[in-house]
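A structural walkthrough
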Amino acid sequence: MSEESDLEKTEEPTGRRIEQAREQGQVPHSRELGTFLVLMTAAALFWGMGGWLVERSAAIARKSFNIENKYIFEPTLMLPRLADLSIDTLMAFAPILGVLVLASVLPPFFLNAWVFAPKAFLPDLNRLNPMSGIGRMFSWNSLMELGKAVLKAVLVGGIALLLIIKEKDEIFGLLGESLESALAHTGHLLTYSFLILVSALILVVAADVPFQLWQYYEKLKMTKEEVKQEMKEMMGDPHVKGRIRSLQMEAARKRMMAAVPDANVVVTNPTHYSVALSYKAGMTAPKVVAKGMGNIALKIREIAAENAVPIMEAPPLARALYKHAELDSEIPSALYSAVAEVLAYIYQLAGWKQQGGAYPQPPKELDIPPDLIPEAN
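Described in the following lines is the structure provided in the data block. (Residues numbered from 1 in each chain as written. Predicted model: local features only at pLDDT ≥ 70, side-chain atom pairs only at ≥ 80, totals over all residues. Heavy atoms only, no water.)

Quick look at unusual backbone geometry
Convention followed: Numbering goes from the N terminus for both helices and strands, where a helix is a DSSP run of H or I of at least four residues and a strand is a run of E of at least two. Only protein chains enter the accessibility calculation, which uses a 1.4 Å probe. A residue is then buried if its area is under 20% of the maximum for its type, exposed if over 50%, and partly exposed in between.
For A308, which is not a glycine, the phi torsion comes out positive at approximately 60°. With respect to the helices and strands, A308 occurs in the loop between α14 (295–306) and β6 (311–313). A relative accessible area of 67% means that A308 is categorised as exposed. Although it is not a glycine, D328 sits at a positive phi angle of roughly 60°. Residue position: D328 is located in the loop between α15 (315–324) and α16 (336–355). Using a relative accessible area of 53% as the deciding quantity, one classes D328 as exposed.

Structure representation (structure tokens):
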């Protein structure tokens, strides 16, 4: 039973599985959404720009049928005239065509499905397999497409019938209007009816988009074994491991730098090492809250200077602390005496700043076991 459950696709697709599918050109796709956006855009354009488009079309028609004598007696001028009329027609319809092209490429953005996948252009010989074709004809997806087609036919046909019944008086009234008035009235009725019919398709879109998303993620579901195998592959990838280590080190460095302003003192090499120490009441021993070398050491000193944290040059102690003290841990017991002298000097310095008096002298010879002092870099 456990083996069977491991082979069942019960797990949601991982981010890597989805990304691999996108690389293959497999993304959620809704034809109904694309059709609806294009038709609704066209209906809105005709509703808002219908009058202007009719005027431009009429002007082009008048220009086309008004042929001057020079064109009759000089046939060679007809080709440039045709080119001129073609440009006028293109300029008249260009705004509508441009907006329709834009509407046709927008649907993938709504489904987060915009992707360029060269692999999708490669020929798939499986599509030429007649058995596969028969299987697709009787698949659940084909049944859904058939249901949508029937729904659209019933919906659009029913609304069209209701519109005809509602507007029958105006339709028959066109017979008694002048030609110019009847044409304008007809255009208004057609645009209005088209807008209503297209608006009805939003019901089909509302049913199709969730279904397409559900079907897409259902196809990408994984077995438990596939999830385990993917995790093994990802954790074994040196690039992934390196990225994880990099993120961990960056997070640790940020936490370390955030602790520097609360330190009691920063002990420096002075150029190669910096170690920030903190000692509060109740602690058994001072603790290292930040340490680093090179650029990190410089950054620790910069933050300490910005926050008025005392900085003391003690090269042997700095090297010993950097080598033998762990971050966020107490200092080694062998360095208690040396660190105590440093902290005593820092407390004396703070008292001098508040009360004045004799300037305290920094400790010159710190008690550091020779075996704890690494060679200077």
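Remarks on the pairing of strand β3 (residues 265–268)
In the case of a regular strand, side chains alternate between the two sheet surfaces. Quick reminder of the rule: Strands are treated as partners if at least two bridges between them are detected by DSSP.
Judged by which residues are buried, β3 turns out to be covered on both faces: V265 and V267 on one side and V266 and T268 on the other are all buried. Pairing of β3 with strand β4 (residues 273–278) involves 4 bridges; the strand directions are antiparallel. What sits directly across from V266, in β4, is A276. Counted between consecutive antiparallel strands, the loop separating β3 from β4 contains 4 residues.

Comments concerning the pairing of β4
Counting buried residues in β4 gives 6 out of 6 residues, a clear majority hidden from the surface. Residues Y273, V275 and L277 line one face of β4 and the alternating positions S274, A276 and S278 line the opposite face, and both faces are buried. As paired strands, β4 and strand β5 (residues 287–293) are joined by 6 bridges and run antiparallel to one another. By the bridge assignment, L277 is partnered in β5 with V288.

Thoughts on the nonpolar core
Definition in use: The set of buried Ala, Val, Leu, Ile, Met, Phe, Trp, Tyr and Cys residues whose side-chain atoms join them within 4.5 Å is what this entry labels a nonpolar core. Contacts are assigned to residue pairs that have any heavy atoms within 4.5 Å of one another.
Ranked by size, the top nonpolar core spans 25 residues in total, and within it V265, L277, L317, L321, L335 and V339 carry the most contacts. Sorting the residues of this core by element identifies β3, β4, α15 and α16 as the ones contributing at least two each. Ranked by residue count, the leading element in this core is α16, at 7 residues. When sequence neighbours within four positions are dropped, the list of residues in contact with L317 reads V267, L335, A338, V339, V342, L366 and I368.

What is shown is where atoms sit, not what they do.
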